[in-house]
Amino acid sequence: MELIYRIDFNSTNFYFKHILDDLIIEAKIEAKSKMYKGCILLVCNDTEEKIKSFFKILEEKLPLSIFLSGAKVIDSFDFDANIELEDKDIKINLSLLTNDEIRKILEENHIDFSNDINKIKEGGVSRFETHNGLKDLFLPSKKIREDFEKKSYEVKLLITNINKLTNLVDVSPKDLQLLCSIERPLVKLRFKLLQNLKGEYSNTRFIYAKIADDKETVLFSQALKEEGIDYLLYINDEIYQDGLKVTYTEEQNIIIHGEKGLFPKFDYQLNRQVNSCSDYFEEYGSIYKSVLAQYNKRIVPSIGIYFSYKSDESAIKINVPTIGEKDVIHIPNVMNSIDNCLDDIRSIDENTNRLIDNYKKKFAKNFEKKFISNDADGFESILNLLAYVMGMKNYTHFEDMALLYNGKSGIQIDMNLIKIDNKNYLDYRKVIQSIMSYKMADVEDTLLAYSFYESLSDFISDNITKINSEFNAKDLVLCGDMFSNAILLSKIKKSQKSLNIFISKEYPLDY
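Predicted model only: the values in this text are computed from it and were never measured.

Analysis parameters
Residues numbered from 1 in each chain as written. Predicted model: local features only at pLDDT ≥ 70, side-chain atom pairs only at ≥ 80, totals over all residues. Heavy atoms only, no water. Helix = DSSP H or I, 4+ residues; strand = E, 2+ residues; numbered from the N terminus. Phe/Tyr/Trp six-rings, centres within 6.5 Å; stacked < 30°, edge-to-face > 60°. Buried < 20%, exposed > 50% of the residue type's maximum accessible area, 1.4 Å probe, protein only. Disulfide = S-S within 2.5 Å. Axes fitted to C-alpha atoms, helices over the stretch in contact; angles between N-to-C directions. Parallel < 35°, antiparallel > 145°, perpendicular 65-115°, else oblique. Contact = heavy atoms within 4.5 Å. Nonpolar A, V, L, I, M, F, W, Y, C, P; charged D, E, K, R; others polar. Pairing = 2+ DSSP bridges.

Asker: Lay out unusual backbone geometry with the relevant residues and their values.
Answerer: Cis geometry marks the peptide bond from Phe-263 to Pro-264; its omega dihedral reads -5°. For Pro-264, the location among the structural elements is in the loop between β13 (253-257) and β14 (265-267). One non-glycine residue, Asp-89, adopts positive backbone phi at about 55°. Examined against the element boundaries, Asp-89 turns out to sit in the loop between β4 (68-74) and α3 (99-108). A positive phi angle, near 60°, is found at Asn-271, a position not held by glycine. Considering the arrangement of structural elements, one finds Asn-271 in the loop between β14 and β15 (272-274).

Set out below in structure tokens:
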């Protein structure tokens, strides 16, 4: 009996195929796995009984992956028209922690972690060496967390007992699938209402979390679990690669940032090994162009939205086949100064001068803390300024406030264009002035933050319509880490159903 089973797999790294090959050997079945761009085929040629037994093993032992998007039996496959990928035998920084491998690690290794655990229990910080570098781990503590954050570290959550996770945060089945996938990514989770009340975990209702992703952390997590410690906070220090941050839509999983387990890899379009995000994206000249290459869209007209928190190159773009990438609307790279920001807003008209004076009187407390001027660019600099005048910490705090809003629609935030040096820019002054006006009327912060992303989606949609009145593109590319925001992404998808929307499946949104 011959059977062809297609597994849709949105990566050309071979580790998942290697797991399948091991399961073929375990099942003692006449079968082969074949890797193609976008899928892995299992070609079985054995008795019906053997095939049923094999698929039972797959059901029990084949791990989840962030790159899996479906699987089914197919009637036929055109082997001549599709090129099987050659395994280039590139070693990646990924521990293949299948259930069998985890059991083996726990059975064969017995390490005394009592000194580290006692230090943690006493309220200290344990410096722990992992396969990917050093981690500093500690029990939830507002003071320790804030001390690390002042040094620009991102504090994340290590889950040692996945069965107790729902006591702390709200978790969907999809969140659990991502957390437990073979790549062990970081997933953004929301604290339950009565948790994190003192800010011991995070300064917002959200945190990035993950489970153990290598041998050392598996062993340490088990020891912590046995001591009744179900989750810890940690920061990465002197690591080799940033872990993957992942989110999802109904249609696909989306890598936001990170390189661990992704690079190095062989890119079959470039026909060479790529070693990092910067190596890959710089090869194409921009993230927008790289997505066009992934979907073979370089020679057709398209509109691209590259909206990045940290980049100074955010823009609404078009791809003209005979010319290439062209920026149509720019996001300004504003000065990281609250005084300069307020002066810019005062310059709009005589009413804004009065607005700022009244605002500073009503919300004097917001201006008591010093504005932390960092080297931020683009949207990060704009939202840091906006967060400050609203009494929030920074742009991540602002985004998390938006995600807390429970309504389905917001209010209209002014998003207008201003022409400078014959280029179109988003007028950031009007954005902040508009939100200040609403806040003077006591509109709640969650609604204001939500409305920013909703109005930004309207700004994008309106300008796509204007551009396409002459350009007539059928494809829309979304890239940049701002599209990890569920509000912005869902609103764009809903408003642009007439266009084919493309988001990278194999590479991160940004770097």
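Asker: Residue-level account of the packing of aromatic side chains, with values.
Answerer: How two aromatic rings sit relative to each other is set out by the distance from centre to centre and by the angle between their planes. Evaluated as defined, the whole model comprises 31 aromatic pairs. Ring centres of Phe-9 and Phe-67 lie 5.9 Å apart, and the angle between their planes is 65°; this geometry places the pair in the edge-to-face category. With Phe-9 in strand β1 (residues 2-9) and Phe-67 in the loop between α2 (48-61) and β4, this pair connects stretches of sequence that are 58 residues apart. Pair check on accessibility: Phe-9 and Phe-67 agree, each one buried. Through a chain of ring-to-ring contacts, the aromatic side chains of Phe-263, Tyr-280, Phe-281, Tyr-284, Tyr-507 and Tyr-511 assemble into a single cluster.

Asker: Account for the state of the cysteines, with residues named and values stated.
Answerer: Going through the model one piece at a time under the given rule, you end up with 0 disulfides. Just so you know, Cys-44 is unpaired, no disulfide at all, and the nearest cysteine sulfur is the one on Cys-39, 14 Å from it. This cysteine, Cys-479, is not joined by any disulfide, and Cys-277 carries the nearest cysteine sulfur, 13 Å off.

Asker: Describe the packing of helix α13 (residues 395-404) against helix α15 (residues 445-471), and please don't skip the residues or the numbers.
Answerer: Where α13 contacts α15, the two axes come as close as 7 Å, and the packing angle between them is 100°. With respect to each other, α13 and α15 are oriented roughly perpendicular. Residues Phe-398, Glu-399, Met-401, Ala-402 and Leu-404 of α13 lie in contact with α15, whose contacting residues are Asp-445, Thr-446, Ala-449, Tyr-450, Phe-452 and Tyr-453. For the contact of α13 with α15, a count of residues per class yields 8 nonpolar, 1 polar and 2 charged.

Asker: Tell me about the pairing of strand β2 (residues 31-36), residues and numbers included.
Answerer: Pairing analysis gives 6 bridges linking β2 to strand β3 (residues 39-45), with the strands arranged antiparallel. Bridging across to β3, Met-35 finds its partner in Ile-40. In this structure, the hairpin formed by β2 and β3 is closed by a connection of 2 residues, where Gly-38 is found at a positive phi of approximately 95°.

Asker: An account of the sheet that holds strand β17 (residues 315-320) is needed here, citing residue identities and associated values.
Answerer: Spatially, β19-β20-β18-β17-β16-β21-β22 is the arrangement adopted by the 7 strands of the open sheet, whose pairing is mixed. Looking along the sheet, the strands with just one partner apiece sit at the ends: β19 (417-420) and β22 (500-502). In this sheet, adjacent strand axes meet at a mean angle of 30° when their direction is disregarded. Where strand β16 (residues 302-306) meets strand β21 (residues 475-479), 5 bridges bridge the pair, whose relative direction is parallel. Its bridge partner being in β21, Ile-303 is matched across the sheet by Leu-476. Contacting β16, β17, β18 (324-330), β21 and β22, helix α9 (residues 287-294) crosses the sheet at an angle of about 125° to β21.

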